[in-house]
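# An overview of the molecular structure
Listed below are the residues making up each chain.
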Amino acid sequence: QVQLVEYGGGLVQAGGSLRLSCALSGRTFSSNAMGRYAMGWFRQAPGKEREFVAAISWSGGSTYYGDSVKGRFTISRDNAKNTMYLQMNSLEYEDTAVYLCAAALKASRLERDVEYDYWGQGTQVTVSS
């Protein structure tokens, strides 16, 4: 069984920065499997649908970002630690949400939540205006 755990949520002032991490554990992956693997971040705010934030391919390191966070957020990964990071800069009130990390064994469209196989429990990010 695969487990994902998020860390780093909290309260931050508008214009500030926050770094989230997501650790993958519970299963040993072959190098071939990891080559097809991808991880991503989504967020859910009250009254809103789940929104794509960012994603990264595990081996190639290709990154993808939602329009609302481009230029402000940076996704990265440490393959040896099976950990994904989300560096959030220039935070805005609208970024307030529960941030969820997810893992996909093989996804065609990484911006679609239905493509992901495993999900973390979420971590709250609150940005004060």
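The structure reproduced in this document is the subject of the present report. (Residues numbered from 1 in each chain as written. Predicted model: local features only at pLDDT ≥ 70, side-chain atom pairs only at ≥ 80, totals over all residues. Heavy atoms only, no water.)

## Some thoughts on the state of the cysteines
For the record, the criterion: Any pair of cysteine sulfurs within 2.5 Å is marked as a disulfide. A run of DSSP states H or I qualifies as a helix once it reaches four residues; a run of E qualifies as a strand once it reaches two. Both are numbered from the N-terminal end. Note on classification: 1.4 Å probe, protein chains only; a residue is buried when its accessible area is under 20% of the maximum for its type, exposed when over 50%, partly exposed between these limits.
A full pass over the atoms with the stated rule returns 1 disulfide. Here cysteine 22 is linked by a disulfide to cysteine 101, with a sulfur-sulfur distance of 2.0 Å. Between cysteine 22 and cysteine 101 the disulfide shows an S-S torsion of about 55°. By sign, it is right-handed. Here cysteine 101 lies in strand β9 (residues 97-104) and cysteine 22 lies in strand β3 (residues 18-25), a separation of 79 residues in the sequence. Across the pair, cysteine 101 and cysteine 22 agree in class, each one buried.

## Digging into the pairing of strand β11 (residues 123-128)
Consecutive residues of a regular strand have side chains that alternate between opposite faces of the sheet. To keep it simple, the criterion reads: In this scheme, strands are said to pair when DSSP sees at least two bridges between them.
Because side chains alternate across β11, one face comprises the buried residues Thr123, Val125 and Val127, and the other comprises Gln124, Thr126 and Ser128, none of which is buried. Sheet analysis places strand β2 (residues 10-13) next to β11, joined by 4 bridges and oriented parallel. Note on β11: the bridge partner recorded for leucine 11 is threonine 126. Sheet topology note: the β9/β11 ladder contains 3 bridges and is antiparallel. Following the sheet pairing, tyrosine 99 is matched in β11 by threonine 123.

## Structural notes on the packing of aromatic side chains
Our working rule: Any pair of Phe, Tyr and Trp rings, taking the six-membered ring for Trp, is counted once the centres come within 6.5 Å. Such a pair is stacked with planes under 30 degrees apart, edge-to-face with planes over 60 apart, and tilted for the rest. To sit over a ring, a charge needs its Lys NZ or Arg CZ within 6 Å of the ring centre and within 35 degrees of the ring normal.
All told, the structure shown has 4 aromatic pairs when counted by the stated rule. Ring geometry for phenylalanine 42 and phenylalanine 52: centres 5.6 Å apart, planes at 65°, overall edge-to-face. On the criterion of sequence distance, the pair formed by phenylalanine 42 in strand β4 (residues 38-44) and phenylalanine 52 in strand β5 (residues 51-57) is long-range, its members being 10 residues apart. As far as the burial class goes, phenylalanine 42 and phenylalanine 52 line up, both buried. Grouping aromatic residues by their ring pairs yields a cluster made of Phe42, Phe52, Tyr116 and Trp119. Stacked on the ring of tyrosine 85, the Lys or Arg arginine 19 has its end atom at 4.0 Å from the ring centre. Positioned above the aromatic ring of tryptophan 119, the side-chain terminus of arginine 50 is 4.4 Å from the ring centre.

## Section: the environment of glycine 8
Heads up, the condition is: Contact criterion: two residues are considered in contact whenever any of their non-hydrogen atoms come within 4.5 Å of each other.
Within the fold, glycine 8 resides in the loop between β1 (3-7) and β2. For the pair glycine 8 and valine 125, spaced 117 residues apart in sequence, the C-alpha separation works out to 8.5 Å. Excluding its chain neighbours within four sequence positions, the residues that come into contact with glycine 8 are Leu18, Arg19, Leu20 and Thr123.

## With respect to the nonpolar core
Put simply, the rule is: Joining through side-chain atoms within 4.5 Å is the link that ties buried Ala, Val, Leu, Ile, Met, Phe, Trp, Tyr and Cys residues into a set, and such a set is a nonpolar core.
Counting 28 residues, the largest nonpolar core has Met39, Trp41, Leu86, Met88 and Tyr99 as its most contacted members. Discounting residues that sit within four places of it in the chain, leucine 86 has contacts with Leu18, Arg19, Leu20, Trp41, Val53, Ala54, Phe73, Thr74, Ile75 and Tyr99. Among the nonpolar cores identified, the runner-up in size contains 8 residues, and Ala38, Phe42, Phe52 and Tyr116 belong to it.

## Quick notes on the sheet that holds β1
Filter applied, for reference: In this description, a line fitted to the C-alpha atoms serves as the axis of each element, helices being fitted only across the stretch in contact, and the angle between N-to-C directions of two axes falls anywhere from 0 to 180 degrees.
Strand order in the open sheet made by the 4 strands is β1-β3-β8-β7, with antiparallel pairing throughout. Unpaired on one side and paired on the other, β1 and β7 (73-78) mark the two borders of the sheet. Put simply, the sheet's adjacent strands are angled 15° from each other on average, direction ignored. Relative to strand β8 (residues 83-88), β3 is paired through 6 bridges, and the arrangement is antiparallel. Each bridged residue has a counterpart across the sheet, and for leucine 20 the counterpart in β8 is leucine 86.

Nothing here speaks to function; it is geometry throughout.
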